[in-house]
Amino acid sequence: MDTLNTLREKVSAIVALMDQYLEPIGGASGAVALTAVAAAATYYYSHQPTPLTPLVDLELQAAEGPELVRKSRIPYAGAKDGQYFKYLDESCKTMFDAFRRGAKLSNNGPCLGWHEDKDKPYQWLAYNESLLRAKNFAAGLLASGLKPGQGTNVGVYTQNCPEWVLTEQGCYSFSMVLVPLYDTLGEDACTYIINQANISVVVVDQDAKVSTLLSQRPRPLTHVVSTRPVKPELAQRAKDMGIKLSRFADVEKLGSAANIKETPPRPEDLATICYTSGTTGNPKGVMLTHENIVADVGAVLLQLGDCKPDHTDTLISFLPLAHMLERVCETAMYMQGGSVGFFLGDIRALMDDMKHLRPTLMPVVPRLLNRIYDKVWSNVAGSKFKTKMLQWALTAKETEIKRGIIRNDSFWDRLVLKKVRDSLGGRVRLMVVGSAPMAANVLTFMRSALGCTVLEGYGQTECVAPCTLTLQGDCRPDHVGPPLACCDIKLMDVPDMQYFAASSQGEVCIRGTNVFKGYYKDPEKTKETLDSDGWLHTGDIGQWLPNGTLRIIDRKKHIFKLSQGEYVAPEKVENVYIRSQLIAQLFVHGESLKSCVVAVVVPDVEVLKAWAAKHAVPGTLSVLCQNAQVKQLILDDMNRLAKEANLKSFEQVKDIYLHPDPFSTQNNLLTPTLKAKRPEIRKYFKPQLDDLYVKLA
């Protein structure tokens, strides 16, 4: 922390700097104004708030048990007996219970919020009204012929909106199972899911989705429910195909008249089948029970300590509800009686949504925070004065954060950082970052600039979402925190990659009440992921740090995760591009802090030389590899192949480096069986790969 004398010196430097820029336009007024600045600075720095008290010793955040298993050190009922955390209290063991707990804690406060356009205020449904509408909707489905119970799977194919949650809670009212669908799966994958899960009813929000379902015509589908009016021609098309098309509100009315008694689920019942897009083949349906989700959410709330949400908090919902990160965050809000406001559906207008809603909590992915970081620095780039002020502000705030002080009312917050905070509505006090790793400089920047708690977690759909979460008061980046109380974590040897648990490195494996029950109708893939002792093998390589926190350092399989959370199988992508006659070899590369993939390409010598001769392009192969025309030729052909193969946007290579020399056993880039040595290739071409990303930034 700056001493008062150091502060005065810094304020004097600010005065001198401002005088330099203010003198030409304001004369002595700058110095007069800065007298007030100095007084304000002295006041704020001499009235320091009390640092946060961490839940456990930050130098010993996890307990180590037999077989190098790590556990949470946060106390909870049953911890001494070695039991995994299951729930916050006896009255809240299912997702059905969780919503009713929130209704009670909030005293029927605001629950679900939305607005019609960016210029209109949010409208709200209270908890009791939300519960009634959810029950009525599900009862309407039953009155239309659907059967209650675990044998019924209901599809929801909408963006985040109140009807998504009403559908979910309606399913829980009658022990049915919710199955989310989402656009990035692709039409064929959605059809596969509907067929495999035998889904007869799907809730949609757009005509385009109605049209897609009618065109694909999955075998079990008999009823489509739309949250909005549907074009008459689509309604007629559905009728001609024998598919019932209903409005969401009409199903509610039918259910209200039917007055069917609820049949709540048990903790061991399935709550959802969450399909993961995977990297190859069909998506896999992750079966999660009510106990799985409630245990994970409760353990997160336990780990949040004083930061956990309550009935006064508001969360903005914009990350896809089809993914478990957003589901967990929203469930935590409902369990605590908080309110959730939904964005308009256009990510470009998200800042407008936040200014209207003024959320206090935000689940985010690194990509959004990277954009904010880049925008703030670009806004001050043209001014030495603004750049220096921002640097001083961030340095001062980081010094406070290292002492456990989190605030947004300091001298620097009011003078320099207020605009950053106001861009998110001005009230954010807690951010939870997931989906992909966060760059250390961006994480520290957000903690400093926003004056709020920013925590990072790690997990998978197969363990609900997070299995680790950083603790309040721990400002160190580059780790994902200690285990949650609902699970144990251990690292298992990966000899082929030279990772050994005895050296605190290995594959991250998870066991506990948040671990899934298996993949839906896929026992073989279940056995590959879930061993006989109940350990979930994640495929990620982790490292225990001396303070008991986990760092993710590698991936066991040749799969990587991009900054938006999508997985890419490089060999699958390479198999598409290698069909180009211009390419002899290629290596596709991606990073968890980047949003796209790049590649090293070794051109086919004979084909490229023939093209060069035909087009009178001179030079050796090395010279041709540096030719912009040659590079564009190969990129165009790669783009053609990507389009033909229907590669997703995030799988498509955005830039390439042309290399004249083949990968070989002699240069140690191929194995004796001529397979690519991916770690060696990555290391060998690191400067070129880094340069590609710099140019794409």
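Whatever comes next refers back to the structure up there.
For every chain, the first residue of the written sequence is number 1, and numbering continues from 1 along that sequence. Two thresholds apply to this predicted model, a pLDDT of at least 70 for residue-level local features and 80 or more for giving and counting side-chain atom pairs, whereas whole-chain, interface and lining totals are computed over all residues. No hydrogens and no water enter the side-chain calculation; it runs on all heavy atoms of the structure.

Caption draft 1: Structural detail: the overall build of the protein chain. Helical segments are the DSSP runs of H or I of at least four residues, strand segments are the runs of E of at least two, and each set is numbered from the N terminus. Along its length, the protein chain carries 23 helices and 26 strands. What the globule rule says is 2.2 Å times the number of residues to the power 0.38, and the radius of gyration is computed from C-alpha atoms. Against the compact-globule benchmark of 26 Å for 697 residues, the protein chain has a radius of gyration of 28 Å, which places it among compact chains. By principal-axis analysis of the C-alpha atoms, the protein chain measures approximately 75 × 75 × 60 Å. For each residue, the accessible area found with a 1.4 Å probe, counting protein chains only, is set against the maximum for its type, and the residue is called buried under 20%, exposed over 50%, and partly exposed in between. In the protein chain, which comprises 697 residues, the share counted as buried stands at 54%. Long-range contacts, defined as pairs at least 24 residues apart, comprise 67% of the intrachain contacts of the protein chain with a sequence gap of at least 6. As presented, the protein chain carries roughly 30200 Å² of accessible surface, and 52% of it is formed by carbon and sulfur atoms. Taking the average place of the 80 positive charges on the side chains of the protein chain and the average place of its 76 negative ones, the gap between the two points comes to 2 Å. By the convention used here, residues are in contact when the closest approach between their heavy atoms is within 4.5 Å. Each accessible area is a Shrake-Rupley result for a 1.4 Å probe, and residues are judged covered by the shown protein chains and nothing else. When charges are tallied, Lys and Arg are placed among the positive residues and Asp and Glu among the negative ones, while His and the ends of the chain are skipped. By convention, the point assigned to a charge is CZ for Arg, NZ for Lys, CD for Glu and CG for Asp.

Caption draft 2: Up close: the pairing of strand E17 (residues 466-469). Strands qualify as paired when DSSP identifies two bridges or more between them. In this structure, strand E16 (residues 453-459) lies alongside E17, joined through 3 bridges in antiparallel fashion. Bridge pairing links Gly459 to Pro466 in E17. The hairpin turn running from E16 into E17, its antiparallel successor, is 6 residues long, and Val464 in that turn takes a positive phi close to 80 degrees.

Caption draft 3: Quick look at helix H6 (residues 187-196). Restricting attention to buried positions, one finds in H6 the residues Ala189, Cys190, Thr191, Ile193, Ile194 and Gln196. Packed against the buried residues of H6 are strand E5 (153-157), strand E6 (177-180), strand E7 (201-204), helix H7 (207-216) and strand E10 (270-276). Two residues or fewer past H6, Asn198 is found with a positive phi of approximately 55 degrees.

Caption draft 4: Representation of the environment of Pro466 within the structure. Checked against the element boundaries, Pro466 lands in strand E17. Taking the C-alpha atoms as reference points, Pro466 and Phe85, separated by 381 residues in sequence, lie 14 Å from one another. Pro466 has contacts with Asp296, Val300, Val328, Tyr458, Gly459, Leu484 and Asn514, leaving out every residue within four places of it along the chain.

Caption draft 5: Molecular detail of the side chain of Glu252. On the secondary structure map, Glu252 appears in helix H9 (residues 248-258). We classify Glu252 as buried; its relative accessible area is 10%. The residues contacting Glu252, other than those within four sequence positions of it, are Arg133, Asn136 and Phe137.

Caption draft 6: Inspection of the pattern of salt bridges at higher detail. Any carboxyl oxygen of Asp or Glu that lies within 4 Å of a side-chain nitrogen of Lys or Arg is treated as forming a salt bridge with it. Overall, the coordinates contain 29 salt bridges when judged by the stated rule. For the salt bridge of Asp205 with Lys209, the shortest nitrogen-to-oxygen distance reads 3.0 Å. A residue is classified by how much of its surface remains accessible, and Lys209, at 6% relative accessible area, is buried. For Asp413, the salt bridge identified is with Lys397, shortest N-O distance 2.8 Å.

Caption draft 7: Representation of the packing of helix H14 (residues 384-402) against helix H15 (residues 411-422). Direction vectors running N to C along H14 and H15 enclose 140 degrees, while the axes themselves pass 10 Å from each other. Classed by the angle they form, the pair H14 and H15 counts as oblique. Crossing angle aside, the handedness with which H14 passes H15 is left-handed. Residue-level contacts link Met389, Leu390, Trp392, Ala393, Leu394, Ala396 and Lys397 of H14 to Trp412, Asp413, Leu415, Val416 and Leu417 of H15. Residues that form the contact of H14 with H15 fall into these classes: 10 nonpolar, no polar and 2 charged. To obtain each axis, a line is fitted to C-alpha atoms, and for helices this fit is confined to the stretch in contact; angles are then taken between N-to-C directions over 0 to 180 degrees. Throughout this description, any angle smaller than 35 degrees is read as roughly parallel, any larger than 145 degrees as roughly antiparallel, any in the 65 to 115 degree range as roughly perpendicular, and the remainder as oblique. Crossing handedness is read from the near helix: turned anticlockwise from the far helix by less than a right angle, it gives a left-handed crossing, and turned clockwise, a right-handed one. The nonpolar class holds Ala, Val, Leu, Ile, Met, Phe, Trp, Tyr, Cys and Pro. Asp, Glu, Lys and Arg form the charged class, and all remaining residues, Gly among them, are polar.

Caption draft 8: Geometry of the nonpolar core. Put simply, a nonpolar core is a bunch of buried Ala, Val, Leu, Ile, Met, Phe, Trp, Tyr and Cys residues held in one set by side-chain atoms that sit within 4.5 Å of each other. Ranked by size, the top nonpolar core spans 86 residues in total, and within it Tyr334 and Ile510 carry the most contacts. Beyond its immediate stretch of four places on either side in the chain, Ile510 contacts Cys463, Cys467, Cys487, Asp488, Ile489, Val515, Gly534, Trp535, Leu536 and Thr538. Counting 42 residues, the second largest nonpolar core, distinct from the first, contains Ala393, Ala396, Leu417 and Ala439.

Caption draft 9: Fine view of the sheet that holds strand E26 (residues 653-658). Taking strand neighbours across the sheet as the criterion, the 3 strands line up as E24-E25-E26 in an open arrangement whose pairing is mixed. Each of the sheet's edge strands pairs with one partner strand only, and the pair in question is strand E24 (583-589) and E26. Each neighbouring strand pair of the sheet contributes to a mean axis angle of 30 degrees, computed without reference to strand direction. The pairing of E24 with strand E25 (residues 597-603) spans 6 bridges and is classified as antiparallel. Within E25, the residue paired with His589 across the bridge is Val598. Packing against the sheet, helix H18 (residues 570-577) makes contact with E24 and E26, and its axis sits at approximately 150 degrees to E24. Most of the contacts of helix H21 (residues 628-644) go to E26, to which it runs at about 140 degrees, and overall it touches E24, E25 and E26.

Caption draft 10: Spotlight on the pairing of strand E3 (residues 110-114). Summarising the sheet, E3 and strand E4 (residues 123-126) pair through 4 bridges and their orientation is antiparallel. Bridging across to E4, Leu112 finds its partner in Leu125.

Caption draft 11: View of the state of the cysteines. Note on terminology: disulfide denotes any pair of cysteine sulfur atoms within 2.5 Å. For the structure on display, the rule yields 0 disulfides. Cys467 carries a free sulfur, and the closest cysteine sulfur to it, the one in Cys463, is 4.4 Å from it.

Caption draft 12: Main features of the packing of aromatic side chains. Paired rings are identified among Phe, Tyr and Trp, the last through its six-membered ring, by centres lying within 6.5 Å, and are further divided according to the angle between planes into stacked (under 30 degrees), edge-to-face (over 60) and tilted (the rest). Across all of its chains, the model carries 13 aromatic pairs by this definition. Between Tyr373 and Trp377 the ring centres are 6.5 Å apart and the planes differ by 65 degrees, which places this aromatic pair in the edge-to-face class. Here Tyr373 and its partner Trp377 are both found in helix H13 (residues 366-380), 4 residues apart, which amounts to about one turn of the helix. Looking at Tyr373, the relative accessible area reads 18%, which means it is buried. Classification of Trp377 by relative accessible area gives partly exposed; the value is 23%. Here the aromatic rings of Tyr373 and Phe445 are separated by 5.1 Å at their centres, their planes lie at 85 degrees, and the arrangement is edge-to-face. Of this pair, Tyr373 sits in helix H13 while Phe445 sits in helix H16 (residues 440-450); the two residues are 72 residues apart in sequence, bridging distant segments of the chain. Among the aromatic residues, those joined into a ring-pair cluster are Tyr657, Phe663, Tyr684 and Phe685. A ring is scored as having a charge over it whenever the NZ atom of a lysine or the CZ atom of an arginine sits within 6 Å of its centre and within 35 degrees of its normal. Positioned over the ring face of Phe96 is Arg100, at 3.5 Å from the centre of the ring. Seen from the ring of Tyr157, Lys209 lies directly overhead, with NZ or CZ sitting 4.9 Å from the centre.

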